[in-house]
Amino acid sequence: MSIVKDPKSLLEQAVGGNRAALAKLISAIERDGPQTTQVIKTIFGTASTAYLVGITGAPGAGKSTLTDKLIRCYRLRGLEVGVIAVDPSSPYSGGAILGDRIRMGDHASDHGVYIRSMATRGHLGGLSTSVPLAARALAAAGFQDVLIETVGVGQVEVEVAGAADTTVVVINPGWGDSIQANKAGLMEIADLFVINKADREGVRATKRDIEAMLDLAPKGDWRPRVLETVASLDRGTDEVFEAILDHRKFLETSGKLKEIRANRDEEQTMRHLVELAKVDLATFSRGFRATSLDPLSKAEEVFAAWLESKSNQTGNS
Ligand SMILES: Nc1nc2c(ncn2[C@@H]2O[C@H](COP(=O)(O)OP(=O)(O)OP(=O)(O)O)[C@@H](O)[C@H]2O)c(=O)[nH]1
Ligand SMILES: [Mg+2]
């Protein structure tokens, strides 16, 4: 495992177009520890962030195929695009998902496309912090648009939605039979539904089903659109791209984009704050005299004593 000695120069190299440096930065984000903290600070210091589009859905729904077509939409407009394939189950990076490499392989030699897989298990805060950070690194390196592909399984879907600015949920005709329990959750996270494999039967019923659920769902300012695609034949994919742009415009003009990004930063601040306090508290707690108190009451006593010791410290300084 390479050690990041100088995140600043690494970032400079990444900004200058050095892909190996970019890869190292993202690897550092995947890990946790003091070095990662340094890398994160460096990234926050210099970079704006990319616009993040999450593409989630059941295994085999066609996420990679759709992503591949979307990459082309960006490239046709002269935009550089980064792709992060999240592998939620793997603690290792770089082990991407061979199929994804093949399906997005057309773009392998294009310097304006950067595809990489990322492991998030073990990362503090998981997907919701590591992916936006990677997106910042990508933005610094010139990729202002980033697609994140994640296999949606329960919590991961929610996390991807938390990390992304626009969340695309990919389903297939006949979805109703298999994921009944999960539907409500999908309604909450989707900004856009894509019924892929629309060359199969049951598209109409599926569309009706989703629209009906959207009718019942509490109405926000944005009603998710329900689109049909045959990604493997590149049918309907331009419309998905346009809908993503529409949603982005909505977030920007309504001020919501600023809001969700501020919330995301705030969450990260909180998480780091808790982490800092935890280290200090753990040390303090170990020095606390043993009592016969139950664990919760003991925690409260330790906390009160800790606060007291802190206020004494500031009082003396
Ligand atoms: N019939 C049909 N097949 C499709 C369509 N889109 C994708 N496929 C096929 O479905 C299979 C799975 O597609 P992928 O793009 O790998 O799906 P995925 O959601 O990325 O899969 P995982 O990453 O493994 O979860 C592949 O064999 C594709 O060629 C479509 O619109 N119609
Ligand atoms: Mg895939």
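Anything mentioned here points back to the structure above.
Basis of the calculations
- Residues numbered from 1 in each chain as written.
- Chains lettered and ligands numbered in written order.
- Predicted model: local features only at pLDDT ≥ 70, side-chain atom pairs only at ≥ 80, totals over all residues.
- Heavy atoms only, no water.
- Helix = DSSP H or I, 4+ residues; strand = E, 2+ residues; numbered from the N terminus.
- Contact = heavy atoms within 4.5 Å.
- Axes fitted to C-alpha atoms, helices over the stretch in contact; angles between N-to-C directions.
- Parallel < 35°, antiparallel > 145°, perpendicular 65-115°, else oblique.
- Left-handed = near helix turned anticlockwise from the far one by under 90°.
- Nonpolar A, V, L, I, M, F, W, Y, C, P; charged D, E, K, R; others polar.
- Expected span 1.5 Å × (residues − 1).
- Buried < 20%, exposed > 50% of the residue type's maximum accessible area, 1.4 Å probe, protein only.
- Polar contact = N/O pair within 3.5 Å; in protein donor to acceptor, adjacent residues only side chain to side chain.
- Phe/Tyr/Trp six-rings, centres within 6.5 Å; stacked < 30°, edge-to-face > 60°.
- Pairing = 2+ DSSP bridges.
- Patch = residues over 30% accessible without salt bridge, like charges linked within 9 Å, V, L, I, M, F, W, Y side chains within 5 Å.
- Areas by Shrake-Rupley, 256 points an atom, 1.4 Å probe, with all protein chains shown as cover.
- Salt bridge = Lys/Arg side-chain N within 4 Å of Asp/Glu carboxyl O.
- Core = buried A, V, L, I, M, F, W, Y, C linked by side-chain atoms within 4.5 Å.

Undergrad: Whenever I open this one, the environment of Phe288 confuses me. Can you help?
TA: For Phe288, the position within the fold is in the loop between helix 11 (256-286) and helix 12 (295-316). In this structure, the C-alpha to C-alpha distance between Phe288 and Glu301, residues 13 residues apart in sequence, is 9.4 Å. Among residues more than four places away in sequence, those in contact with Phe288 are Lys298, Glu301, Val302 and Ala305.

Undergrad: Which parts of the structure should I look at to understand the packing of helix 1 (residues 7-15) against helix 2 (residues 19-30)?
TA: Helix-helix packing is characterised by the crossing angle of the two axes and by the distance between the axes. Across the interface, helix 1 lies against helix 2 with an axial gap of 7 Å and an inter-helix angle of 130 degrees. Regarding the angle of helix 1 to helix 2, the classification is oblique. For the element pair helix 1 and helix 2, the recorded crossing hand is left-handed. Residues Pro7, Leu10, Leu11, Gln13 and Ala14 of helix 1 lie in contact with helix 2, whose contacting residues are Ala21, Leu22, Lys24 and Leu25. Residue classes in the contact of helix 1 with helix 2 are distributed as seven nonpolar, one polar and one charged.

Undergrad: Would you take a moment to explain helix 4 (residues 63-76) for this structure?
TA: Three- or four-residue spacings in an α-helix give side chains the same orientation, since the helix completes a turn every 3.6 residues. Here helix 4 is 14 residues long and its end C-alpha atoms lie 20 Å apart, about the 20 Å a rise of 1.5 Å per residue gives. Counted residue by residue, helix 4 has eleven buried out of 14 residues, so it is predominantly covered. Every buried residue of helix 4 is accounted for by Lys63, Ser64, Thr65, Leu66, Thr67, Asp68, Lys69, Leu70, Ile71, Cys73 and Tyr74. Positive backbone phi, at 75 degrees, marks Gly78, one or two positions downstream of helix 4.

Undergrad: Whenever I open this one, the environment of Asp145 confuses me. Can you help?
TA: Positionally, Asp145 belongs in strand 4 (residues 145-151). Note: C-alpha distance between Asp145 and Ile71 (74 residues apart in sequence) is 9.8 Å. Not counting the four nearest positions on each side in its chain, Asp145 is found in contact with Ala50, Tyr51, Tyr74, Leu79, Glu80, Val81, Gly82 and Arg248. Among the polar contacts listed, one links the side chain of Asp145 to the side chain of Arg248, at a separation of 3.3 Å.

Undergrad: How should I be thinking about the packing of aromatic side chains in this particular structure?
TA: Aromatic ring pairs are reported here in terms of the distance separating the ring centres and the angle at which the planes meet. Counted according to the given criterion, the structure contains four aromatic pairs. Centroid distance Trp222 to Phe250: 5.3 Å. Interplanar angle 35 degrees. Geometry classified as tilted. A residue pair is termed long-range when its members are at least 10 positions apart, and Trp222 in the loop between helix 9 (203-216) and strand 7 (225-229) and Phe250 in helix 10 (residues 237-254) qualify at 28 residues. This pair shows no difference in class: Trp222 is buried, exactly as Phe250 is.

Undergrad: What is the right way to read the pairing of strand 5 (residues 166-171) from this model?
TA: For a regular strand, side-chain orientation follows a simple rule: the groups alternate between the two sheet faces. Most of strand 5 is tucked away, with six of its six residues classed as buried. Of the two faces of strand 5, the one carrying Thr166, Val168 and Val170 and the one carrying Thr167, Val169 and Ile171 are both buried. Looking at chain direction, strand 5 and strand 6 (residues 192-196) are connected through four bridges and run parallel. Each bridged residue has a counterpart across the sheet, and for Val168 the counterpart in strand 6 is Leu192.

Undergrad: Is there a simple way to explain helix 2 in this structure?
TA: For helix 2, built from twelve residues, the straight-helix expectation of 16 Å at 1.5 Å per residue is met to within 8% by its first-to-last C-alpha distance of 17 Å. For helix 2, the set of buried residues is Arg19, Ala21, Leu22, Leu25, Ile26, Ala28, Ile29 and Glu30. The opening residue of helix 2 is Asn18, an N-cap whose side-chain oxygen sits 3.0 Å from the backbone nitrogen of Ala20.

Undergrad: Got a minute to help me understand a nonpolar patch on the surface in this structure?
TA: The grouping of Met270, Leu273 and Val274 at the surface amounts to a nonpolar patch, some 270 Å² of accessible area in total. Residue classification places Leu273 among the partly exposed residues on the basis of a relative accessible area of 48%.

Undergrad: What is the right way to look at the packing of helix 4 against helix 10 in this model?
TA: Following both chains from N to C, one finds helix 4 and helix 10 inclined at 65 degrees, their axes separated by 9 Å at the closest point. Taken together, the axis directions place helix 4 and helix 10 in an arrangement best described as roughly perpendicular. Our pair here, helix 4 against helix 10, has a crossing hand that is right-handed. Here Leu66, Lys69, Leu70, Cys73 and Tyr74 of helix 4 come into contact with helix 10, specifically with Thr237, Asp238, Val240, Phe241 and Ile244. Among the residues making up the contact of helix 4 with helix 10, the classes are represented as seven nonpolar, one polar and two charged.

Undergrad: Teacher, can you tell me more about the pattern of salt bridges here?
TA: Between side chains of opposite charge, pairing is possible as soon as their charged atoms come close. What the rule picks out here adds up to 14 salt bridges. Note that Arg77 and Glu242 form a salt bridge whose closest N and O atoms lie 3.2 Å from each other. Of this pair, Arg77 sits in the loop between helix 4 and strand 2 (81-87) while Glu242 is found in helix 10, placing the two residues 165 residues apart along the sequence. Linked by salt bridges that have partners in common, Asp145, Arg248 and Glu252 make up one network.

Undergrad: Explain the nonpolar core to me, please; I cannot follow it from the model alone.
TA: Nonpolar side chains tend to gather and get buried jointly when the protein is soluble and globular. Residues Leu22, Ile26, Ile84 and Leu138 are the most contacted members of the largest nonpolar core, which totals 32 residues. Those elements that provide at least two residues to this core are helix 1, helix 2, helix 3 (34-46), strand 2, strand 3 (113-119), helix 6 (127-140) and strand 4. Ranked by residue count, the leading element in this core is helix 6, at eight residues. Filtering out sequence-adjacent residues up to four positions away, Leu138 remains in contact with Leu22, Ile26, Ile84, Tyr114, Phe143 and Val146. Listed in part, the 27 residues of the second largest apolar core include Ile55, Trp222, Ala231 and Ile244.

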